[in-house]
Amino acid sequence: GPFASRLPSPAPPRCVPLAMAAGHVAVFGGRGFVGSMVTRELCGRGVNVLNIARSTPTAQPPPGVTFACGDALDPSSYRQHLKGARAVVISIGAEPWKFLSTPEKAVVANGDTNSRIIEVAKEEHVPRVVLVNATMPAWCPKGYKQGKEQAEAAAQD
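The following paragraphs examine the structure supplied in this document. What you are looking at is a predicted structure, and each value in this text was computed from that prediction instead of being measured.

You can see Ser-77 is positioned in the loop between strand S3 (65-69) and helix H2 (79-82). A polar contact is formed between the side chain of Ser-77 and the backbone nitrogen of Asp-71, at a distance of 2.8 Å.

Judged by how many residues are buried, strand S2 (residues 49-53) sits mostly within the fold: five of five residues are covered. Residues of S2 alternate between two faces, with Val-49, Asn-51 and Ala-53 on one and Leu-50 and Ile-52 on the opposite face, all of them buried. Once you follow strand S1 (residues 25-28) into helix H1 (residues 33-44) and on to S2, the crossover reads as right-handed. Bridge count for S2 against S3 is five bridges, and the pairing is parallel. The residue of S3 that forms the bridge with Val-49 is Val-65.

So, about helix H4 (residues 142-156). If you check H4, its first and last C-alpha atoms are 21 Å apart, about what 15 residues at 1.5 Å a residue would give, namely 21 Å. Along H4, the positions that sit buried rather than exposed are Gly-143, Tyr-144, Gly-147, Lys-148, Ala-151 and Ala-154. Looking straight down H4, one finds its buried side chains confined to an arc of 130 degrees; they lie on one side. Exposed side of H4, more than 90 degrees from the buried face: Lys-142 and Gln-156 are the residues found there.

Counting residues in each nonpolar core, the largest one holds 19 residues, and the members touching the most others are Phe-28, Ile-52, Tyr-78, Leu-82, Val-88 and Ile-117. Put simply, the parts of the chain that give this core at least two residues each are S1, S2, strand S4 (87-90), helix H3 (103-123) and H4. Ranked by the residues each element gives to this core, the list is headed by H3, at four residues. Excluding residues that lie within four positions of it along the chain, Tyr-78 makes contacts with Phe-28, Ile-52, Gly-70, Asp-71, Ala-72, Arg-116, Ile-117 and Val-120. Membership of the second largest hydrophobic core comes to eight residues, among which are Val-25, Val-47, Val-49 and Val-89.

Moving on: the sheet that holds S1. With respect to topology, five strands assemble into an open sheet ordered S3-S2-S1-S4-S5, the strand pairing being parallel. In the strand order of this sheet, the two ends are held by S3 and strand S5 (129-131), each with one partner. Here the average twist between neighbouring strands, direction ignored, is 20 degrees. The pairing of S1 with S4 spans four bridges and is parallel. Across the sheet, the residue bridging to Ala-26 is Val-88, located in S4.

Reading guide: rules and limits
- Residues numbered from 1 in each chain as written.
- Predicted model: local features only at pLDDT ≥ 70, side-chain atom pairs only at ≥ 80, totals over all residues.
- Heavy atoms only, no water.
- Helix = DSSP H or I, 4+ residues; strand = E, 2+ residues; numbered from the N terminus.
- Polar contact = N/O pair within 3.5 Å; in protein donor to acceptor, adjacent residues only side chain to side chain.
- Buried < 20%, exposed > 50% of the residue type's maximum accessible area, 1.4 Å probe, protein only.
- Right-handed = clockwise from strand over helix to strand, strands pointing away.
- Pairing = 2+ DSSP bridges.
- Expected span 1.5 Å × (residues − 1).
- Arc of directions from axis to C-beta.
- Core = buried A, V, L, I, M, F, W, Y, C linked by side-chain atoms within 4.5 Å.
- Contact = heavy atoms within 4.5 Å.
- Axes fitted to C-alpha atoms, helices over the stretch in contact; angles between N-to-C directions.

This is how it looks when you write it as structure tokens:
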């Protein structure tokens, strides 16, 4: 409007580029489809990434990526890797059809795993947790849906 030129312009936002922020980003599921894309994007921005998985890959990790072993259900296997992390990205779980006959296993694979990581991240004072989750269509199997909702509730707590 006519008075816009009289208003002071807002100060530019104060952002710290990801590459300059202290600490690393721990990625659970960084070798999977979504997690590998997250890892690639973070590395492209100069971020040090620590991929945590149940086993180490046989291939050489890309520059900026370190691999560590850890089982999401066993916090003692990865707690030390969250110390000093500036963020945790969780991109793990099982496909909806994998445990159709055993919904309790789907809850463990999609709920308990994610919830446990979130709990440990809170205990280690990691300032940011990013949970990659899924939408729940009407056909979604009970155990899968229950596990994903459990993880989402833990992330929102």
